[in-house]
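So the chains spell out like this:
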Amino acid sequence: MRLGSLLLWDIRFQRKYGFYFLYAVLTAIYAFILFAVPENWKEKTAAILIFSDPAAMGLFFMGAIILLEKSQHTPCAFAVSPVRETEYIIAKVSSLCAISFIVAAILALIANMNNLHIVLLGTVLSSAVFTLLSVIAATKIASLNQFILWTVPIEVVCFVPAMLHLFKITPTWLRYYPINVCMEMVSGYAPPIIGILGVMTLIAVLLVLSKKSVLKMWESTGGVKL
Amino acid sequence: MKVIRLSFLGMLAYLRRDMMLFAACLAPILVGFLFRFVIPLFEDVLTDWFHLPTIISPYYGLIDILFAMLSPAMFCFVSAMVTLEENDEKTAKYLFITPLTKLGYFVSRFGIPSIFALLVTVVLLPVFKLSPLSFSYIVLLAAGGTLQGIVIALLILTLSSNKLEGMAVTKLSTLIMFGAAIPFFIKDNAQYVLFPLPSFWIGKAVFESSPLYMFLAVLLLSIWILFLMKNFCKKNRGVY
């Protein structure tokens, strides 16, 4: 019940601040790009677009979301409410995953990608990983510029191997690197079972770490330690 | 003048705490090295691998344009983020009633960083350019890039009322830079669909080596700035 309310609140929050409008516009632009590229480039272009934007949207927006909540003193309310940090995080991850899922579905359909279910599952997993990473970063920052700097190393570690993997310029063992597994799925290929297990383990570890970070943020809300 | 300088130094101190000042100064140099030395190396490897005479080199002009736009876009983006935070925290309003005034505030937040970005581009572009550009062309490109940085900052401030909306608008407004790629990829008349984008004319000026298009881009950018300034003042009457 609490999780449902939080999820609804997050969706309303994102609608109010123009996320849905923004992604409607971006989807139109990406669709235009997909129509413009030659047929044999479409799948790879769609995979790059899905992985770098809708799936990674948390990396771009989470800092602003949490800073805005801080400036509106929302963490103060959360700190004294029965809401648990896990519910707060799951609501954030699910609401952003929903947008990623819809945008990815549209782009994958336009690009006529194979194994749509794998593409969408890959998008949801990638989105969960990126959003959890960004929650951890966002709880530690005090300004937008700081958040942008925090995300640079995350982007390097996540995007560079994934892009190289997409073009098959990585050694075989890097196929099991969780981010590369996500990229493989976003491209429409079934990953090895061990790879999926790796991604699930990564998500579990990130969930625990983000839970700790959110709790720490709530405990020190308002400038004093609760 | 002294208060404007102090206000600018205050912003620099704020950015230095975040390490953003260091990143903003270092990024153009790092990207410059990457463009100047890694891309030609990559081109050699790719042409050998695919047995093709050229792959990236026909787009060196486009890479130079992106480099000319990088520093201004970055400096103006950083300033826009500081301004959005000051707006959210209501500190901007208090600064206006000090001897700094509204105009002084905007000069310190956008005027000085833009001039600095222009100088950085004029110095770095001749060092890191990949295509043969004359000095006058470099100055024109730097001016175009700087005006475009101001357009991006104004778009962020005009279309958003808090930092979250600011990030959303940032994502959209930086896309206007990619109009520069159109003349390089779309050769027929369909390219003119994007004629309102100044970056499209900057791309055309470099692609066709015609400085006339560059003047058109600067004119269009000035119109964009006037239009956005008007809307910005209208929207924020009473706030700013």
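In the block above lies the structure referred to throughout.
Our subject in this report is the structure included herewith.

What counts and what doesn't
Residues numbered from 1 in each chain as written. Chains lettered and ligands numbered in written order. Predicted model: local features only at pLDDT ≥ 70, side-chain atom pairs only at ≥ 80, totals over all residues. Helix = DSSP H or I, 4+ residues; strand = E, 2+ residues; numbered from the N terminus. Rg over C-alpha atoms; globule rule 2.2 N^0.38 Å. Buried ≥ 20, exposed ≤ 12 C-beta atoms within 10 Å, placed from the backbone. Contact = placed C-beta atoms within 7 Å. Core = buried A, V, L, I, M, F, W, Y, C linked by C-beta atoms within 7 Å. Axes fitted to C-alpha atoms, helices over the stretch in contact; angles between N-to-C directions. Parallel < 35°, antiparallel > 145°, perpendicular 65-115°, else oblique. Left-handed = near helix turned anticlockwise from the far one by under 90°. Nonpolar A, V, L, I, M, F, W, Y, C, P; charged D, E, K, R; others polar.

**Notes on the overall build of chain A**
Helix and strand content of chain A: 10 helices and zero strands. For chain A, the α and β elements follow one another from N to C terminus as α-α-α-α-α-α-α-α-α-α. Here chain A has a C-alpha radius of gyration of 18 Å; the compact-globule value for 226 residues is 17 Å, and the two agree. Judged by the C-alpha coordinates and their principal axes, chain A covers about 55 × 40 × 35 Å. Here chain A holds 226 residues, and 43% of them are scored as buried. Sequence separation of at least 24 residues holds for 73% of the intrachain contacts in chain A that already meet a minimum separation of 6.

**Some points on the interface of chain A and chain B**
How big an interface is tends to be stated in terms of the accessible area lost upon association of its parts. Listed as interface residues are 18 residues of chain A and, on the opposing side, 19 residues of chain B. Elements represented by at least two residues in the side of chain A that touches chain B include exactly α2 (19-36), α4 (57-71) and α8 (144-166) of chain A. For the side of chain A that touches chain B, the element with the most residues is α4 of chain A, which contributes seven residues.

**Describing the nonpolar core**
With 136 residues, the main nonpolar core has Ile50 and Leu107 of chain A together with Ala153 of chain B as its most contacted residues. Per-element tally for this core: the top contributor is helix α3 (residues 60-88) of chain B, with 18 residues. Setting aside its immediate chain neighbours within four residues, Ile50 of chain A contacts Ala55, Ala104, Leu107, Ala108, Thr123 and Val186 of chain A.

**Here's the deal with helix α7 (residues 163-173) of chain B**
Side chains that are three or four residues apart share a direction in an α-helix, a result of its 3.6 residues per turn. Of all 11 residues that make up α7 of chain B, nine are buried, and the element is covered over most of its length. Along α7 of chain B, the residues classified as buried are Lys163, Leu164, Glu165, Gly166, Met167, Ala168, Val169, Thr170 and Ser173 of chain B. Those residues of α7 of chain B that are buried are in contact with α2, α4 and α8 of chain A together with α3 and α6 (135-159) of chain B.

**Describing helix α3 (residues 42-52) of chain A**
Those residues of α3 of chain A not exposed but buried are Ala46, Ala47, Leu49, Ile50 and Phe51 of chain A. In this fold, the buried residues of α3 of chain A make contact with α2, α6 (85-110), α7 (116-138), α8 and α9 (178-186) of chain A.

**Some points on the packing of helix α1 (residues 2-16) of chain A against α6 of chain A**
Residue and element names in this part refer to chain A. Look at α1 against α6: their axes get within 9 Å of each other, and the N-to-C directions meet at 45°. The angle between α1 and α6 falls in the class oblique. Seen along the crossing, α1 lies across α6 with a hand that is right-handed. For the pair formed by α1 and α6, the contact residues are Arg2, Leu3, Leu6, Leu7, Asp10, Ile11 and Gln14 on the first element and Glu87, Tyr88, Ile90, Ala91, Lys92, Ser94 and Ser95 on the second. Partitioning the contact of α1 with α6 into residue classes produces seven nonpolar, three polar and four charged.

**A word on the environment of Asn162 of chain B**
When you line up the elements, Asn162 of chain B lands in the loop between α6 and α7. Considering only alpha carbons, one finds Asn162 of chain B and Met20 of chain B, 142 residues apart in sequence, at a separation of 20 Å.

**Considering unusual backbone geometry**
At His73 of chain A, a residue that is not glycine, the phi angle is positive and equals roughly 60°. Its location among the elements puts His73 of chain A in the loop between α4 and α5 (74-80). Given 11 C-beta atoms within 10 Å, His73 of chain A falls into the exposed group. Phi at Ser209 of chain B is positive, roughly 50°, even though this residue is not glycine. Here Ser209 of chain B is to be found in the loop between α9 (198-207) and α10 (211-235). Assessed through the 13 C-beta atoms surrounding it within 10 Å, Ser209 of chain B is described here as partly exposed.

Keep in mind these values describe shape, not function.
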